[in-house]
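For reference, the chains in residue letters:
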Amino acid sequence: LVGAAGFLVRGAHIPWKPALDQPVSPGLLSSFGAAMVPVLFAYGGWQTACFVAGEVKQPRRDLPRALVLGEIGVALLYTAVNFIYVRTLGVTGLAQTTTPASAVMRAVMGPTGATIIALGIAISTLGFLSQSVLTAPRVYFAMAEDRVFFHQLAWVHPRSRVPVIAIAVQSVWAVVILLSGRFEQILNYVTSMDFTFFGLTASCLFVLRRAGDEASGFRTPGHPWTTGFFCLCSVAVVGNAIYRFPANTLIGFAILATGVPVYYIWKRTSRT
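All values reported here derive from a predicted model rather than from experimental measurement. (Residues numbered from 1 in each chain as written. Predicted model: local features only at pLDDT ≥ 70, side-chain atom pairs only at ≥ 80, totals over all residues. Heavy atoms only, no water.)

## A word on the overall build of the protein
Here is step 1: Scanning the protein for helices and strands turns up eleven helices and zero strands.
Here is step 2: In the protein, the order of α-helices and β-strands from amino to carboxyl end is α-α-α-α-α-α-α-α-α-α-α.
Here is step 3: Its C-alpha atoms give the protein principal-axis dimensions of roughly 70 × 45 × 40 Å.
Here is step 4: Buried positions account for 26% of the 272 residues belonging to the protein.
Here is step 5: In the protein, once contacts between residues fewer than 6 apart in sequence are set aside, the share between residues at least 24 apart is 60%. (Helix = DSSP H or I, 4+ residues; strand = E, 2+ residues; numbered from the N terminus. Buried < 20%, exposed > 50% of the residue type's maximum accessible area, 1.4 Å probe, protein only. Contact = heavy atoms within 4.5 Å.)

What follows is the structure, given as structure tokens:
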């Protein structure tokens, strides 16, 4: 996509626009935050690498490297793609299409280009779904091993050594979520849930640092300022999602709330 549009589109240029078309106000910041929801989701996925940390041979060394290098690679790729979108379609053309990749490739190579990129997107989507289905069940598996979830989910296939039942449950639940609403609705409460726990997880670093450097297992450049900034950004994302999309966001919190009593019931049962 980047190569074809970068080398084959002639005469295209970036239309320069003012950074702000209205004075800075709470409403503008809220709109910017709402627009960032799909962007933050697009840059997500890095956290799923942590789900398999228990199966990594040298997680203290390899996991931070994988997270940092992977996110840098994604940022460079996404920035290049968006540069190509604006360069080829212009701001107005980009705003008018819901399939910018297909629009760019159609402008470059005609209908054949649009078909090629559509197939590429389908393959990429399948890859994302595959990693999601294979990584998230590790959480259920760990919960079952700790006796705070159905013990059947801790079962590992004797030959493949994967939690088959946990993967099946994850797949069924994904279909339930898929049928529960529109993409935008699901995106809002998934992103708000993600950043609720991103912020909570990052805040644990303050506790770990009080226990000593060895407790956290790795160095964090700029801590506590970088950690605090990340926590504040997470709070802002969640708070703005509740303000702008209260119904969709509260669905996510309702699903989360149902897990609290279930957890304590299982915890009490596991002790008896």
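## A look at the side chain of Asn 248
Here is step 1: Within the fold, Asn 248 resides in helix 11 (residues 246-271).
Here is step 2: Here Asn 248 falls in the buried class, since its relative accessible area comes to 15%.
Here is step 3: Apart from residues lying up to four places away in sequence, Asn 248 is in contact with Gln 185, Asn 188 and Tyr 189.

## Brief notes about unusual backbone geometry
Here is step 1: For the bond running from His 223 to Pro 224, omega is 10°, close enough to zero to count as cis.
Here is step 2: The backbone of Arg 147 shows a phi angle near 65°, a positive value even though the residue is not glycine.
Here is step 3: Here Arg 147 lies in the loop between helix 6 (137-145) and helix 7 (164-178).
Here is step 4: One non-glycine residue, Arg 161, adopts positive backbone phi at about 60°.
Here is step 5: Among the secondary structure elements, Arg 161 is positioned in the loop between helix 6 and helix 7.

## Some words on the pattern of salt bridges
Here is step 1: Counted under the stated rule, the structure contains one salt bridge.
Here is step 2: Asp 62 is paired through a salt bridge with Arg 61; the nearest N and O atoms lie 2.6 Å apart.
Here is step 3: Residue class for Asp 62 comes out partly exposed when judged on its relative accessible area of 25%. (Salt bridge = Lys/Arg side-chain N within 4 Å of Asp/Glu carboxyl O.)

## So, the packing of aromatic side chains
Here is step 1: All chains considered together, the criterion is met by eight aromatic pairs.
Here is step 2: On the numbers, 5.2 Å between centres and 75° between planes, the contact of Tyr 263 with Tyr 264 is edge-to-face.
Here is step 3: Here the aromatic cluster, defined as three or more aromatic residues joined through ring pairs, consists of Tyr 140, Phe 149, Phe 150 and Trp 266. (Phe/Tyr/Trp six-rings, centres within 6.5 Å; stacked < 30°, edge-to-face > 60°.)

## Description of the packing of helix 8 (residues 183-210) against helix 10 (residues 225-244)
Here is step 1: Running from N to C, helix 8 and helix 10 point in directions that differ by 155°, and their axes come no closer than 9 Å. Our classification of the angle between helix 8 and helix 10 gives roughly antiparallel. In the packing of helix 8 onto helix 10, the handedness of the crossing is left-handed. Taken together, the residues of helix 10 that come into contact with helix 8 (itself represented by Ser 192, Phe 195, Thr 196, Phe 198, Gly 199, Ala 202, Ser 203, Leu 205 and Phe 206) are Thr 227, Gly 228, Phe 230, Cys 231, Ser 234, Val 237, Val 238 and Ala 241.
Here is step 2: Residues that form the contact of helix 8 with helix 10 fall into these classes: ten nonpolar, seven polar and no charged. (Axes fitted to C-alpha atoms, helices over the stretch in contact; angles between N-to-C directions. Parallel < 35°, antiparallel > 145°, perpendicular 65-115°, else oblique. Left-handed = near helix turned anticlockwise from the far one by under 90°. Nonpolar A, V, L, I, M, F, W, Y, C, P; charged D, E, K, R; others polar.)

## Focus: the nonpolar core
Here is step 1: One finds Ala 4, Ala 5, Val 9, Val 81, Ile 84, Tyr 85, Ala 101, Val 104, Met 105, Val 108 and Ile 117 forming the largest nonpolar core, which totals eleven residues.
Here is step 2: When residues of this core are traced back to their parent elements, those giving at least two are helix 1 (2-8), helix 4 (59-96) and helix 5 (100-135).
Here is step 3: Setting aside chain neighbours within four positions, we find Ile 117 in contact with Leu 1, Ala 101, Ser 102 and Met 105. (Core = buried A, V, L, I, M, F, W, Y, C linked by side-chain atoms within 4.5 Å.)

## As for helix 6
Here is step 1: Every buried residue belonging to helix 6 is among Pro 137, Arg 138, Tyr 140, Phe 141 and Ala 144, and all of these are buried. When helix 6 is viewed along its axis, its buried side chains cluster within an angular range of 160° and face the same direction.
Here is step 2: Against the buried residues of helix 6 lie helix 3 (48-51), helix 5 and helix 7.
Here is step 3: Phi turns positive, to about 65°, at Arg 147, one or two residues after helix 6. (Arc of directions from axis to C-beta.)

## Structural notes on a nonpolar patch on the surface
Here is step 1: A cluster of nonpolar residues, Val 172, Trp 173, Val 176, Ile 251 and Ile 255, forms a patch on the protein surface that exposes about 430 Å² of accessible area.
Here is step 2: Those elements giving two or more residues to the nonpolar patch turn out to be helix 7 and helix 11.
Here is step 3: For Val 172, the location among the structural elements is in helix 7.
Here is step 4: Relative accessible area serves as the criterion here: at 55%, Val 172 is assigned to the exposed category. (Patch = residues over 30% accessible without salt bridge, like charges linked within 9 Å, V, L, I, M, F, W, Y side chains within 5 Å. Areas by Shrake-Rupley, 256 points an atom, 1.4 Å probe, with all protein chains shown as cover.)

## Considering the packing of helix 5 against helix 7
Here is step 1: Two numbers describe how helix 5 lies on helix 7: the axes approach to 8 Å, and their chain directions differ by 125°. Of the possible angle classes, the one that applies to helix 5 and helix 7 is oblique. Contacts between helix 5 and helix 7 pair Ser 132, Val 133 and Leu 134 from the former with Ile 167, Gln 170 and Ser 171 from the latter.
Here is step 2: For the contact of helix 5 with helix 7, a count of residues per class yields three nonpolar, three polar and no charged.

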